[in-house]
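What follows is each chain in one-letter form.
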Amino acid sequence: AQSVAQPEDQVNVAEGNPLTVKCTYSVSGNPYLFWYVQYPNRGLQFLLKYITGDNLVKGSYGFEAEFNKSQTSFHLKKPSALVSDSALYFCAVRVYGQNFVFGPGTRLSVLP
Amino acid sequence: NAGVTQTPKFQVLKTGQSMTLQCAQDMNHNSMYWYRQDPGMGLRLIYYSASEGTTDKGEVPNGYNVSRLNKREFSLRLESAAPSQTSVYFCASSEASSSGNTIYFGEGSWLTVV
């Protein structure tokens, strides 16, 4: 069975500092990995995905994520956090023939 | 671009009442989904439709029914609402259900059952 873990419920970072939101996964087969962001009272918005190829994936709003197969991780990163990045972030995994599995979410707070 | 549109945005029901959440997408996607979001539990799949004319149960289907009315529309029905169904419901769509295609979400429907 597929599963996704986001080990931190909450991440706090100062504006201008780098941020990392962690994600690890467990699947049978080759994973497709996704990050979504949710602002208050809104739907989930797609940020980026890893399908194949380069392990470093760049996405919207300056976010990037690195696929690490040996550590089964797909951490979300941004070099310089903005207050407007404060939101709920979801990691998701999918393998061929199966549905998406979402992690529980990590709340990111960027402090001015 | 409207994307995925779902209605209503907010609804309060009494226990035992029924209601239908409507969803439509304008991206010509084949697959559509209904999720519920509860605090600390991420998103859980209720039902999905891999293509027009097919529907399948997800992780938490009990108490719900769905209808894939056509390629654009996928509705979720609560026949007899229970307080445990208080949640935020999201409709979503993707080009296909078994690949690396991105899934796109609607803005959510906040449902309270009292």
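The model shown is predicted, which means the values in this text are computed figures rather than measured ones.

Draft legend 1. View of the state of the cysteines. Going through the model one piece at a time under the given rule, you end up with two disulfides over all chains. Note on cysteine connectivity: A:C23 is disulfide-linked to A:C91, with sulfurs 2.0 Å apart. Measuring handedness by torsion sign, the sulfur bridge of A:C23 and A:C91 sits at about -65° and is left-handed. Residue A:C23 is found in the loop between β3 (19–21) and β4 (24–26), and its partner A:C91 is found in strand β10 (residues 87–94); the two are separated by 68 residues along the sequence. The exposure class assigned to A:C23 is buried, which follows from its relative accessible area of 0%. With relative accessibility at 0%, the residue A:C91 sits in the buried group. The disulfide partner of B:C23 is B:C91, and the S-S distance across this bridge is 1.8 Å. Where B:C23 bonds to B:C91 through sulfur, the torsion about that S-S bond is close to -75°, and the disulfide is left-handed. Linking B:C23 in strand β3 (residues 19–25) with B:C91 in strand β9 (residues 87–94), this pair joins segments that are 68 residues apart in sequence. You'll find B:C23 and B:C91 in the same group, each marked buried.

Draft legend 2. Layout of the environment of A:L76. Residue and element names in this part refer to chain A. Structurally, the position occupied by L76 is in strand β9 (residues 73–78). The sequence separation of L76 and V101 amounts to 25 residues, and the corresponding C-alpha distance is 17 Å. Sequence-distant contacts of L76, that is, excluding residues within four places in its chain, are made with L19, T20, V21, W35, L47, L48, F63, E64, A65 and Y89.

Draft legend 3. Seen up close, the side chain of A:H75. All names here are of chain A. Its place among the elements puts H75 in strand β9. Taking relative accessible area as the criterion, H75 reaches 18% and is therefore assigned buried. A polar atom in the side chain of H75 sits 3.0 Å from the backbone nitrogen of C23. Residues in contact with H75, not counting those within four places in the same chain, are T20, V21, K22, C23, T24, W35, E64, A65 and E66.

Draft legend 4. Region of interest: the interface of chain A and chain B. Counting from both sides, the interface comprises 22 residues of chain A and, opposite them, 24 residues of chain B. Between chain A and chain B, roughly 1,700 Å² of surface is buried when both sides are summed, and carbon and sulfur atoms account for 52% of that area. Taken as a group, A:R94, A:N99 and A:F102 account for 29% of the area that chain A buries against chain B, more than any other trio of residues on that side. Across the chain A-chain B interface, the total number found is one salt bridge. Among the ionic pairs, B:E107 bridges to A:R42, the shortest N-O distance being 2.3 Å. Inspection of the region where chain A meets chain B yields six residue pairs in polar contact (both at pLDDT 80 or more). Mapped onto the side of chain A that touches chain B, the elements with two or more residues apiece are β5 (32–38), β6 (44–50) and β10 of chain A. In terms of residue count, β5(A) provides more of the side of chain A that touches chain B than any other element does, four residues in total. Of the residues belonging to the side of chain A that touches chain B, the class tally is 12 nonpolar, seven polar and three charged.

Calculation notes
- Starting afresh in each chain, residues are numbered from 1 along the sequence in its written order.
- Note on labels: chains are lettered from A, ligands numbered from 1, in written order.
- Residue-level local features of this predicted model are given only where pLDDT is at least 70; pairs of side-chain atoms are given and counted only at 80 or more, and the full residue set underlies all totals for whole chains, interfaces and linings.
- The basis for every side-chain value is the complete set of heavy atoms in the structure, and neither hydrogens nor water enter the calculation.
- Whenever a pair of cysteine sulfur atoms sits within 2.5 Å, that pair is classed as a disulfide.
- Put simply, DSSP marks the helices as runs of H or I at least four residues long and the strands as runs of E at least two long, and each gets a number from the N terminus on.
- Burial classification: accessible surface area is computed with a 1.4 Å probe over protein chains only, and a residue below 20% of its type maximum counts as buried, one above 50% as exposed, and the rest as partly exposed.
- Here a residue-residue contact requires only that any non-hydrogen atoms of the pair lie within 4.5 Å.
- We define a polar contact as two N or O atoms separated by no more than 3.5 Å, with the added condition that, inside protein, one atom must be a possible hydrogen donor and the other a possible acceptor, whereas residues neighbouring each other in sequence contribute only through side-chain atom pairs.
- Take the accessible area each of two parts loses on contact, using a 1.4 Å probe, and add the two losses: that sum is the buried area.
- By salt bridge we mean one thing: a side-chain nitrogen of Lys or Arg within 4 Å of a carboxyl oxygen of Asp or Glu.
- Throughout, the ten residues Ala, Val, Leu, Ile, Met, Phe, Trp, Tyr, Cys and Pro are labelled nonpolar, Asp, Glu, Lys and Arg are labelled charged, and all others, Gly among them, are labelled polar.

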